[in-house]
Amino acid sequence: MKIKFCEKNIDRFSKPAYKELKSKYDDVKVKKDGCLKECRLCRTEPFAIVKGEIVRAETPKKLVKKLEKVIAKN
């Protein structure tokens, strides 16, 4: 499984989520991309893309919880 984060969104919001997932899950590819072409979303809240689907949350902690549920299903 691959989880993609936008580099600018990491800088703005999701750095804690990115770091936690990267260190916690060796079997999951947690990638940082330059741009995921979701600029409006990127400016407003933490998000990541898993299997082409956007996963978003109000806080990085909530984003981690949502992504962990996705990881558990796969």
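Conventions and cut-offs
- Residues numbered from 1 in each chain as written.
- Predicted model: local features only at pLDDT ≥ 70, side-chain atom pairs only at ≥ 80, totals over all residues.
- Heavy atoms only, no water.
- Helix = DSSP H or I, 4+ residues; strand = E, 2+ residues; numbered from the N terminus.
- Rg over C-alpha atoms; globule rule 2.2 N^0.38 Å.
- Buried < 20%, exposed > 50% of the residue type's maximum accessible area, 1.4 Å probe, protein only.
- Contact = heavy atoms within 4.5 Å.
- Areas by Shrake-Rupley, 256 points an atom, 1.4 Å probe, with all protein chains shown as cover.
- Lys, Arg positive; Asp, Glu negative; His and termini not counted.
- Charge placed at Lys NZ, Arg CZ, Asp CG, Glu CD.
- Axes fitted to C-alpha atoms, helices over the stretch in contact; angles between N-to-C directions.
- Left-handed = near helix turned anticlockwise from the far one by under 90°.
- Nonpolar A, V, L, I, M, F, W, Y, C, P; charged D, E, K, R; others polar.
- Salt bridge = Lys/Arg side-chain N within 4 Å of Asp/Glu carboxyl O.

Caption draft 1: Spatial organisation of the overall build of the chain. Secondary structure summary: the chain contains three helices and four strands in total. Reading the secondary structure of the chain in the N-to-C direction produces β-α-β-α-β-β-α. A compact globule built from 74 residues would reach a C-alpha radius of gyration of about 11 Å, and the chain, at 11 Å, matches this within 12%. With respect to the principal axes defined by its C-alpha atoms, the chain has extents near 30 × 20 × 20 Å. Taking all 74 residues of the chain together, 36% fall into the buried category. Relative to all contacts within the chain whose residues are 6 or more apart in sequence, the contacts with residues 24 or more apart total 61%. Accessible area of the chain: about 5000 Å², with a carbon and sulfur share of 47%. Both charge centroids of the chain, one from 22 positive and one from 11 negative side chains, sit 2 Å from each other.

Caption draft 2: Up close: the side chain of E45. Looking at the secondary structure, you find E45 in the loop between α2 (39-42) and β3 (47-50). Discounting residues that sit within four places of it in the chain, E45 has contacts with N9, F13, R56, A57 and E58.

Caption draft 3: Summary view of the packing of helix α1 (residues 7-24) against helix α3 (residues 60-73). One can describe the packing of α1 onto α3 by two numbers: an axis separation of 8 Å at closest approach and a directional angle of 35 degrees. As for how α1 packs across α3, the hand of that crossing is right-handed. Taking contact as the criterion, the partners of F13, S14, P16, A17, E20, L21 and K24 in α1 are, on α3, P60, L63, V64, L67, E68 and I71. Residues that form the contact of α1 with α3 fall into these classes: nine nonpolar, one polar and three charged.

Caption draft 4: Representation of the pattern of salt bridges. Evaluated as defined, the whole model comprises four salt bridges. Close ionic contact of E68 with K24 constitutes a salt bridge, the shortest N to O distance being 2.7 Å. Here the residue E68 occupies a position in helix α3, and K24 occupies one in helix α1, the gap between them amounting to 44 residues. In this structure K24 comes out as partly exposed when scored by relative accessible area, which is 47%.

Any functional reading would require information beyond the geometric quantities listed.
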